[in-house]
Amino acid sequence: MPTSAAVAASSDDAAALLLHPDANEQGFALHTAGRRRRTPIDFDGLTLITLNPAEPDNELKEL
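Caption draft 1: Spotlight on the overall build of the chain. Looking only at helices and strands, one finds two helices and four strands in the chain. Taken from N to C terminus, the helices and strands of the chain fall in the order α-β-β-β-β-α. By the burial criterion, 13% of the 63 residues in the chain qualify as buried. Taking contacts inside the chain between residues at least 6 apart in sequence as the whole, the part at least 24 apart equals 4%. On the chain, roughly 5200 Å² of surface is accessible, and the fraction owed to carbon and sulfur atoms is 55%.

Below you can see the structure in the form of structure tokens.
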């Protein structure tokens, strides 16, 4: 089974998500690596995903 360190080392500039079985309320653990717009947060023992603001598009900056 890959570790979160192995996923982070192989993700470079990409985003990666690792899910694996775990003994918690959800039955799995979630790990992320790399640049991403989505960030996992803990909400009373439940892992939720929050969406970060998008980076402004270069074309929009020129307007």
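Caption draft 2: Layout of the pairing of strand β1 (residues 16-21). Only one face of β1 is covered, namely the one carrying Ala16, Leu18 and His20; the face carrying Leu17, Leu19 and Pro21 has none of its residues buried. Relative to strand β2 (residues 28-33), β1 runs antiparallel, the two sharing six bridges. Note that in β2 the partner of Leu19 across the bridge is Leu30. Hairpin remark: β1 followed by β2, antiparallel, with six residues in the connecting loop; positive phi at Gly27, about 90°.

Caption draft 3: Structural detail: the environment of Phe28. Among the secondary structure elements, Phe28 is positioned in strand β2. Since its relative accessible area comes to 30%, Phe28 is described here as partly exposed. The spatial distance from the C-alpha of Phe28 to the C-alpha of Thr47 is 9.5 Å, given a sequence separation of 19 residues.

Caption draft 4: Representation of the environment of Pro21 within the structure. Turning to its location among the elements, Pro21 is positioned in strand β1. For Pro21, a relative accessible area of 64% puts it in the exposed group. Each residue touching Pro21, except ones within four places of it in the same chain, is listed here: Gly27 and Phe28.

Criteria and cut-off values
- Residues numbered from 1 in each chain as written.
- Predicted model: local features only at pLDDT ≥ 70, side-chain atom pairs only at ≥ 80, totals over all residues.
- Heavy atoms only, no water.
- Helix = DSSP H or I, 4+ residues; strand = E, 2+ residues; numbered from the N terminus.
- Buried < 20%, exposed > 50% of the residue type's maximum accessible area, 1.4 Å probe, protein only.
- Contact = heavy atoms within 4.5 Å.
- Areas by Shrake-Rupley, 256 points an atom, 1.4 Å probe, with all protein chains shown as cover.
- Pairing = 2+ DSSP bridges.

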